[in-house]
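For reference, the chains in residue letters:
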Amino acid sequence: MEFRKAKLDDILKIKNLYDSVKGSEFCTWHEDYPGDFEINEDFNSDNLFVLEDNNDIIGAISIIPENELDDIKDFKVHDDAAEFARVVIRKDYQGKGLSKLLVENIIEEIRNRNKKTIHILVAKVNIPAQKLYKSCGFDFIRDIYKFQTDFILCELVL
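Residues numbered from 1 in each chain as written. Predicted model: local features only at pLDDT ≥ 70, side-chain atom pairs only at ≥ 80, totals over all residues. Heavy atoms only, no water.

J.: Mind laying out the overall build of the protein chain, listing which residues take part and the relevant values?
T.: In terms of helices and strands, the protein chain carries 4 helices and 8 strands. Reading the helices (α) and strands (β) of the protein chain from amino to carboxyl end gives β-α-α-β-β-β-β-α-β-α-β-β. Since a compact globule built from 158 residues should have a radius of gyration of about 15 Å, the 15 Å found for the protein chain is in line with a globular shape. Its C-alpha atoms put the protein chain at 40 × 35 × 30 Å along the principal axes. (Helix = DSSP H or I, 4+ residues; strand = E, 2+ residues; numbered from the N terminus. Rg over C-alpha atoms; globule rule 2.2 N^0.38 Å.)

See below:
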């Protein structure tokens, strides 16, 4: 397994990976999200990462170029915050602890960027992701409705 920044020739594979989980249990993504806009924005800002196994892209995750949660006042730490999103593992690799590997690597990447905290949203219906973020040390702050979805606001102070 290799965690690395995405390359240009990974983009179509990442889009196909996103599309392959849309509509599955626990997934709140829809036909248009995530799509070309998000992939290109993340890639062009050097914030798109993949997990690769034997030259196959089996996972992806992005650091959000502009933190969309900065306006929320409930966090313990507000300065130097980062946000990640669009966490995905290919269906045939799910249930093997690879989401945790992906998240641990992105936490380390964010730490290396000298950020003080990570703020994320986890969908209320996404029970596996909630368990994952709890196991990675995130505090669950409160419920929040954003982007037409019920989420839980989470924070990890680094």
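J.: Which residues make up unusual backbone geometry, and what are the values?
T.: Peptide bonds are mostly trans, and most non-glycine residues show a negative phi. Along the chain, Y33 connects to P34 via a cis peptide bond; the corresponding omega equals -15°. When you line up the elements, P34 lands in the loop between α1 (11-21) and α2 (36-44). With a phi close to 50°, N54 is a non-glycine residue in the positive phi region. Within the fold, N54 resides in the loop between β2 (48-53) and β3 (56-63). Overall, the relative accessible area of 67% leaves N54 in the exposed class. (Buried < 20%, exposed > 50% of the residue type's maximum accessible area, 1.4 Å probe, protein only.)

J.: Outline the nonpolar core, supporting the account with residue identities and numerical values.
T.: I61, F84, V103, I106, I118, Y133 and F138 are the most contacted members of the largest nonpolar core, which has 27 residues in total. Only β2, β3, β5 (84-89), α3 (98-112), β6 (117-123), α4 (127-135) and β8 (149-157) provide two or more residues apiece to this core. Here this core takes 6 residues from α3, the largest share from any one element. Judged by nonpolar contacts, the second largest core, of 14 residues, contains A6, I14, I57 and V88. (Core = buried A, V, L, I, M, F, W, Y, C linked by side-chain atoms within 4.5 Å.)

J.: Residues and numbers for the packing of α1 against α2, please.
T.: Where α1 meets α2, the axes come as close as 10 Å, and the angle between the chain directions of the two elements is 135°. Relative to α2, the element α1 lies oblique. Crossing handedness for the pair α1 and α2: right-handed. Together, I11, I14, K15 and Y18 of α1 and D36, I39, N40 and F43 of α2 make up the contact between the two elements. In terms of residue class, the contact of α1 with α2 is made up of 5 nonpolar, 1 polar and 2 charged. (Axes fitted to C-alpha atoms, helices over the stretch in contact; angles between N-to-C directions. Parallel < 35°, antiparallel > 145°, perpendicular 65-115°, else oblique. Left-handed = near helix turned anticlockwise from the far one by under 90°. Contact = heavy atoms within 4.5 Å. Nonpolar A, V, L, I, M, F, W, Y, C, P; charged D, E, K, R; others polar.)

J.: Provide a residue-level description of α2, including the pertinent values.
T.: Three or more residues of α2 are buried, namely E38, I39, D42 and F43. Buried residues of α2, viewed axially, fall in a sector of 125°; they line one side. Turned more than 90 degrees off the buried face of α2, the exposed positions are F37 and N44. Tucked into the core, α2 has its buried residues touching α1, β2, β3 and β5. Following α2 by one or two positions, D46 adopts a phi angle in the positive range, close to 60°. (Arc of directions from axis to C-beta.)

J.: How would you summarise the pattern of salt bridges if you had to cite specific residues and measurements?
T.: Counted under the stated rule, the structure contains 12 salt bridges. D143 is the partner of K124 in a salt bridge, and the nearest nitrogen-oxygen pair spans 2.7 Å. Placement of K124 in the loop between β6 and α4 and of D143 in strand β7 (residues 139-146) is noted, with a sequence separation of 19 residues between them. It is possible to trace a salt-bridge network through shared partners that takes in R4, D10 and E52. (Salt bridge = Lys/Arg side-chain N within 4 Å of Asp/Glu carboxyl O.)

J.: Tell me what's going on with the pairing of β6, and back it up with residues and numbers.
T.: β6 sits mainly inside the fold: 7 of its 7 residues count as buried. Where strand β4 (residues 81-82) and β6 come together, 2 bridges link them in parallel fashion. The partner of A81 across the bridge, within β6, is T117. Here 7 bridges tie β6 to β8, and the two strands are oriented antiparallel to one another. Residue pairing in the sheet places T117 in a bridge with V157 of β8. (Pairing = 2+ DSSP bridges.)

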